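# Results of the structural survey
In case you want the letters, here they are:
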Amino acid sequence: MAKRKEKRRPQHRTPTPPRISQRLFDELEEVERLMKRKQWEQARDRLVDLDRRYSNHPEILTLLVNVYYELQNIELYQHTLERLVKADPDNVEAMYGLAGAYLNMNRPVLALQMFRTSVERWPDAPQAANAHKAILQLEEAMPQLFSELGMEPTPEAWALATRHEEMQVCLAQEDYSQVRQIAQRILRQYPHFAPAHNNLSLAYWLEGRLARAIETAEEVLTYEPYNVHALANLVHFLCLEGRREEALAYAERLRTSPDAASEKVLKQMEAFTFLGDDEAVVALFPMAEETGEVEEEVANAMLYHLAAVAEMRLGREEVARRLWQKSLKIQRDFFLAKENLDDLRQPVGEQHAPWAFPFANWIGQRALKDLLATVKIVETPGGKAKIDSAIRRYMKKYPEVVRLIPVLLERGDPMGRGMAVHLAFFIDTPEIYEALEAFVFSTHGPDTLRTRAAQFLVEKGVIPGGDVQLYTHGEWQDLLLMGFEIGDESEDKDNFSPRTARLAGEAAAALQEKDWERGEQLLRQALELQPDAIGLLNNLAVVYEMRGEHKKAEEMIQELHQRDPHYLFARVTMAQFAIQDKDYERAHELLEPLLRRKKLHFSEFSNMSAAFIELHLAEGNKEAARSWLNMWESIDPDNSRLMAYKIRVNTPSLGGLFKRK
């Protein structure tokens, strides 16, 4: 087989006003300015938007071809050239460019046909000389290609080879219906044509038909027991099914397969990545040099990416970074390498990296589409029953997604890991609790996600509350876990009328802006409607305190606490008064019953956390204060009050920041 040749950059034609509207002309001029400044990603984004608005416009497609060339995205480069040829069939540059793209994508039959057509139509074109050379090389390679197919180069064999490559193009472009049609047409005539079965199995999986995908891949092994692509597909699919032992058996056969195959090492590395065998992936990578898969003109960015993921999971981050950079040299906009490197720029407690595959590679396109639709249902009003029903319908339809939760918690991308945690909260089984517990006490994923899972397990009684060691901010630290649910609801509820609720909301906004006069005015209007609303009275006490009327505020808080000892905000404020009076025993008496609550609003949790930190600092127990601070930050990391407490907990005493007057 001839090696892929360096693709020649097509020369785009500058759009001219007579052919397009002035508005589009101006927008394309702006794109060309971005291209001249080599701002390829920005140019791509603008062109994709224009392509959506002006579908199949030749000028847009021409510029998009050039941008994909610069970004080294050969798949989209080829696909856009195909669209351009259809939109502008007399475009000589596009025709020759498409032939070159087919050659670079290792689709030699389509490349040869396109080169021949181009030379026949435009024999005097500047590209014709190189096209003739490519034709000669491809013609010399055809006997080997047909030998690999086990056929003589008859017209029937040419037709088969053409349909096979067209099927590959359709698979890359996610036209799964067309893949099935072509594959089934081929298999009716050639029932043992393995590439058709392999592509058909991939199409079935991507459509969400996992059982059919496995069945189709297994059929290949009945006549080619060491077929590399069928074995790699089976390892992938069986991992998704949770059938790990069967997947391991196929993986061993794949590792020792004597069959030659395109991108053999890559397929082996993909299989062992799905299995989570990082040592095997690292050991396989050097073999790519022996097969020639790492040679510059044929190298696949995915090969380096998988090696990078395995290296980082084994603790060799610098090696991983170098491999990801190499991956981006091969394909400048290879998103998996870019996203992993971008993730590593985040603070250590917010990182997901490394991950090998996007979420869709684990669950398939249809399952992903239905999951996103289910999440939209969850986000709409309708009550817990509606949410539970939507999630359970999804899990019944896609049981393989439930089986994948442990894997996604350990090795998923940000979307996959987040979805796994979200789904796990709706599944009441020992296996899911075990997976969540393993995740909580691991170093995988961001701190907030692990802490959220830990809090859930405490609420369910799976793990005890109190001080536990969790991996936070890049090191193992004590974190205080409590058995209450923290969210947007509270046990203390004021049943406001619609008008009162509106006034209370406006008052809260005014207090947020420190407009105490406006806040008091709105609160008093609301209290005229509902004079016993304890939440409104508490906010009025806040206004008095902020205006320096400390005695008046204290008297009101004491009255509220006497009226309703259960009310959290008054109880917390009473505890703060006790701390200021150095009556720490009284402060404990007031605060500790709050730990038995089952549900807290975020604002309640923040106030309670601040009070416990104040109490422990006053007692000289910085470790206990730090535990509360860590828990608060993990649950409400954007809270504006955190920074002041971080300073107080992590530096020598600065004296009392809050003095009672």
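Residues numbered from 1 in each chain as written. Predicted model: local features only at pLDDT ≥ 70, side-chain atom pairs only at ≥ 80, totals over all residues. Heavy atoms only, no water.

The next thing to look at is the pairing of strand E1 (residues 466–472). Within E1, five of the seven residues are buried, which leaves the element mostly enclosed by the surrounding structure. Judged from the seven bridges that link them, E1 and strand E2 (residues 475–481) form a sheet pairing that is antiparallel. Paired with Gln469 across the strands is Asp478, a residue of E2. Between the end of E1 and the start of E2, which pair antiparallel, lie two residues, with His473 showing a positive phi angle near 55 degrees. (Buried < 20%, exposed > 50% of the residue type's maximum accessible area, 1.4 Å probe, protein only. Helix = DSSP H or I, 4+ residues; strand = E, 2+ residues; numbered from the N terminus. Pairing = 2+ DSSP bridges.)

Two elements in contact, helix H9 (residues 176–189) and helix H10 (residues 194–206), have axes separated by 9 Å at closest approach and are oriented at 150 degrees. Taken together, the axes of H9 and H10 lie roughly antiparallel to each other. Between H9 and H10 lies a crossing of left-handed hand. Facing H9, whose interface residues are Tyr176, Val179, Arg180, Ala183, Gln184, Ile186 and Leu187, H10 presents Ala196, His197, Asn199, Leu200, Ala203, Tyr204 and Leu206. Of the residues that constitute the contact of H9 with H10, the class distribution is 10 nonpolar, three polar and one charged. (Axes fitted to C-alpha atoms, helices over the stretch in contact; angles between N-to-C directions. Parallel < 35°, antiparallel > 145°, perpendicular 65-115°, else oblique. Left-handed = near helix turned anticlockwise from the far one by under 90°. Contact = heavy atoms within 4.5 Å. Nonpolar A, V, L, I, M, F, W, Y, C, P; charged D, E, K, R; others polar.)

To continue, consider the packing of H10 against helix H12 (residues 228–241). At their nearest, the axes of H10 and H12 sit 10 Å apart, and the two run at 20 degrees to each other. Classified by the angle their axes make, H10 and H12 are roughly parallel. The crossing of H10 and H12 is left-handed. For the pair H10 and H12, contact is made by Asn198, Ser201, Leu202 and Trp205 and by His229, Ala230, Asn233, His236, Phe237 and Leu240, respectively. The residue makeup of the contact of H10 with H12, split by class, is five nonpolar, five polar and no charged.

This next bit is on the pattern of salt bridges. Per the counting criterion, the structure on display carries 38 salt bridges. Measuring nitrogen to oxygen at the nearest pair gives 3.2 Å for the salt bridge that ties Glu506 to Arg502. Taken as a pair, Glu506 and Arg502 lie in helix H28 (residues 498–512) at a separation of four residues, close to a single helical turn. Look at Glu506 and you get partly exposed, because its relative accessible area is 30%. Judged by relative accessible area, Arg502 falls into the partly exposed class, the value being 44%. (Salt bridge = Lys/Arg side-chain N within 4 Å of Asp/Glu carboxyl O.)

Here we come to empty space enclosed by the protein. Under the definition given, this model contains three cavities of 30 Å³ or more. For the largest cavity, the calculated volume is near 90 Å³. For the largest cavity, the lining is made up of 13 residues, of which Thr273, Val309, Arg313, Ala356 and Arg411 are closest to its centre. Secondary structure elements with two or more residues in the lining of the largest cavity: helix H15 (278–284) and helix H17 (301–313). (1 Å grid on protein atoms, 1.4 Å probe; cavity = no way out; pocket = protein on both sides within 12 Å on 5 of 7 lines; lining within 4 Å. Points joined across faces, edges and corners; volume = space filled by probe spheres on them.)

Turning our eyes to something else, we now look at the side chain of Arg411. Within the fold, Arg411 resides in helix H24 (residues 405–411). For the buried Arg411, no salt bridge is present, and the opposite-charge side chain at shortest range is Glu410, 4.1 Å distant. A distance of 3.3 Å separates a polar atom in the side chain of Arg411 from the backbone oxygen of Phe274. Sequence-distant contacts of Arg411, that is, excluding residues within four places in its chain, are made with Thr273, Phe274, Leu275, Gly276, Arg313, Trp355, Trp362 and Arg417. (Lys, Arg positive; Asp, Glu negative; His and termini not counted. Polar contact = N/O pair within 3.5 Å; in protein donor to acceptor, adjacent residues only side chain to side chain.)

All right, on to the nonpolar core then. Ile363 and Phe605 are the most contacted members of the largest nonpolar core, which totals 234 residues. Once you skip the residues sitting within four places of it in the chain, Phe605 turns out to touch Phe484, Ile486, Leu600, Trp628, Met631, Trp632 and Ile635. (Core = buried A, V, L, I, M, F, W, Y, C linked by side-chain atoms within 4.5 Å.)

Residue Pro354 is bonded to the preceding Ala353 through a cis peptide linkage, with omega at 5 degrees. With respect to the element layout, Pro354 can be found in the loop between helix H19 (335–344) and helix H20 (359–363). Despite not being glycine, Gln72 has its phi angle at roughly 60 degrees, a positive value. By secondary structure assignment, the location of Gln72 is in the loop between helix H3 (58–71) and helix H4 (74–87). Phi angles above zero are rare outside glycine, and Glu263 is one such case at about 55 degrees. Mapped onto the secondary structure, Glu263 falls in the loop between helix H13 (244–255) and helix H14 (264–275). Its relative accessible area of 29% is what places Glu263 among the partly exposed residues.

Moving on: the environment of Met151. Assignment of secondary structure puts Met151 in the loop between helix H7 (128–148) and helix H8 (155–172). Discounting residues that sit within four places of it in the chain, Met151 has contacts with Phe146, Ala157, Leu160 and Tyr190.

For the protein chain, per-residue confidence averages 87 on the pLDDT scale, and residues scoring 70 or more make up 92% of the total. Per-element mean pLDDT across the protein chain ranges from 74 in strand E3 (residues 485–487) up to 97 in H15. Note on residues 1–18: pLDDT under 50 across the span, and 53 contacts to partners over four residues away in sequence or across chains. Here residues 653–661 is modelled with pLDDT under 50, and outside its nearest four sequence neighbours on either side it reaches 12 contacts, counting other chains as well. (pLDDT = per-residue confidence, 0-100.)

In this model H10 runs 19 Å from its N-terminal to its C-terminal C-alpha over 13 residues, within 8% of the 18 Å that 1.5 Å per residue would give. Extensive coverage of H10 is indicated by the burial of 11 of its 13 residues. With its phi angle positive at about 90 degrees, Gly208 sits one or two positions after the end of H10. (Expected span 1.5 Å × (residues − 1).)

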